[in-house]
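Structural characterization, general
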Amino acid sequence: MSRPPEQAEARTRVPRFTRAEHRVHRATATLMAVCVLTAGCLYLPFLAQLVGRRALMVTVHEWSGLLLPVPLLLGLASRALRADLRRLNRFGPHDRRWLRAAVRRRGDRPAGKFNAGQKLYAAWLAGAVLVMLGTGLLMWFTLPQALGFARAGGTPIAPLVWRTGATFVHDWLALALVLVIAGHVGRAYGDPESRRGMRTGSVDARWAAREHPLWRPEDKSE
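The written sequence of each chain sets the order in which its residues are numbered from 1. Local features in this predicted model are restricted to residues whose pLDDT is 70 or higher, and side-chain atom pairs enter the listing and the counts only when it is 80 or higher, whereas totals over whole chains, interfaces and linings include all residues. Side-chain metrics in this entry use all non-hydrogen atoms of the structure; hydrogen atoms and water are not considered.

**A short note on the side chain of S78**
Residue placement: S78 occurs in the loop between α5 (70-75) and α6 (79-88). In this description, contact between two residues means that some pair of their heavy atoms is separated by no more than 4.5 Å. If we ignore the near neighbours within four places in the chain, the residues touching S78 are T18 and A20. Under the scheme used here, helices are H or I runs from DSSP no shorter than 4 residues and strands are E runs no shorter than 2 residues, and both carry numbers assigned from the N terminus.

Have a look at this one:
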């Protein structure tokens, strides 16, 4: 007797992400979206006129940026998330093969649970967020009125050249972030099974074998 369709489908799916990882991803994505949208309201004239309330947009932008690392820090309590962070931090010969094949648009693309493109994206995003956080704090806390952190007479703590440099880096890196995140979202929408894996925690076994042939879901050390 044949199995019901739902049972057959369940047998062909393998676990990929835990609920904790899903929540960290969603919370981080939400905070990043708020940062990007409020930044647009501050820098693009037509959005600034449409939304108004610039002071509110500044406050929301600042606090969403400060809170951006919090979901990941809280998520470190999850053993599965820590294991995936270790995987993302490893770069082996098969990752270099994956990159060469991606550049040439031909050849095999061997990958473990995460491919080389995902590893580079995660590393770049982590570094970019830290730089954005540092430059944002420098811009925020060097204002004469910011929380009273100023010398006598209202002089900002940091020299003008520091604040100018922080603003330059913050603005241009923000543009780069928007472009890279747009590419990430575009790739995600081009791969429904990958999105389903993040949303439900499991992926089709055939998809896993095709896209991540070196990944063994039962191997916790991979």
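**Some words on the packing of helix α2 (residues 19-43) against helix α4 (residues 54-67)**
Fitted lines through C-alpha atoms serve as axes, helices being fitted only where they are in contact, and the angles separating the N-to-C directions of these axes extend from 0 to 180 degrees. Between α2 and α4, the least distance of the axes is 9 Å, while the angle of their chain directions is 150°. In terms of orientation, α2 and α4 fall into the roughly antiparallel class. Crossing of α2 against α4: the hand is left-handed. On α4, the residues touching L31, V34, C35, T38, A39, C41 and L42 of α2 are R54, M57, V58, V60, H61, S64, G65 and L67. As a working rule, the residues Ala, Val, Leu, Ile, Met, Phe, Trp, Tyr, Cys and Pro are called nonpolar, Asp, Glu, Lys and Arg charged, and the rest polar, with Gly in that last group. Considering only residue class, the contact of α2 with α4 consists of ten nonpolar, four polar and one charged. An angle below 35 degrees is read as roughly parallel, one above 145 as roughly antiparallel, one from 65 to 115 as roughly perpendicular, and any other as oblique. By definition, any crossing whose near helix is turned counterclockwise from its far helix by less than a right angle is left-handed, and any crossing with a clockwise turn is right-handed.

**Here we look at the packing of aromatic side chains**
Two rings belonging to Phe, Tyr or Trp (six-membered ring only in the last case) form a pair when the distance between their centres is within 6.5 Å. Interplanar angles under 30 degrees mark stacking, angles over 60 mark edge-to-face geometry, and anything in between is tilted. According to the stated counting rule, one finds two aromatic pairs in the structure shown. When the ring of F17 is compared with that of F114, the centres are 6.2 Å apart and the planes differ by 35°; the resulting orientation is tilted. Here F17 is found in the loop between β1 (13-15) and α2, whereas its partner F114 is found in the loop between α7 (93-104) and α8 (116-141), with 97 residues between them in sequence. Note on exposure labels: buried denotes an accessible area under 20% of the residue type's maximum, exposed denotes more than 50%, and partly exposed covers the range between, all computed with a 1.4 Å probe on protein chains only. For F17, a relative accessible area of 14% corresponds to the buried category.

**Some details on the nonpolar core**
Buried Ala, Val, Leu, Ile, Met, Phe, Trp, Tyr and Cys residues that are joined via side-chain atoms within 4.5 Å together make up what is termed a nonpolar core. Within the largest apolar cluster, ten residues are counted, these being L31, M32, L68, L125, A128, V129, M132, L173, L177 and I181. Secondary structure elements with two or more residues in this core: α2, α8 and α9 (160-189). Residue contributions to this core peak at four residues, all from α8. Ranked by size, the runner-up nonpolar core spans five residues in total, among them V14, V203, W207 and A208.

**Quick word on the layout of surface pockets**
Definitions used throughout: a 1 Å grid over protein atoms alone; a cavity as a set of points that fits a 1.4 Å probe which cannot get out; a pocket as an open set with protein on both sides within 12 Å along at least five of seven lines; a lining residue as one with an atom within 4 Å of a point. Grid points are joined across faces, edges and corners, and a volume is the space filled by probe spheres set on the points. Its boundaries defined by the atoms lining it, the second largest pocket holds a volume of some 800 Å³. The wall of the second largest pocket is formed by 28 residues, among which A39, H61, M132, M139 and H170 lie closest to the centre. Counting residues per element, the ones that place at least two in the lining of the second largest pocket are α2, α4, α8 and α9.

**Quick look at a positive patch on the surface**
Taken together, the side chains of R96, R97, R100, R104 and R106 present a region of like positive charge at the surface. In this structure, R106 sits in the loop between α7 and α8. Patch building starts from residues that exceed 30% relative accessible area and form no salt bridge, then joins like charges within 9 Å and nonpolar side chains (Val, Leu, Ile, Met, Phe, Trp, Tyr) within 5 Å. Residue burial considers only the protein chains on display, and all accessible areas are found by Shrake-Rupley using a 1.4 Å probe. Salt bridges are counted wherever a side-chain nitrogen of Lys or Arg sits within 4 Å of a carboxyl oxygen of Asp or Glu. His is not counted here, nor are the chain ends, while Lys and Arg score as positive and Asp and Glu score as negative. For charged residues, the charge sits on one atom: NZ in Lys, CZ in Arg, CG in Asp, CD in Glu.

Function cannot be read off these values alone, since they describe shape.
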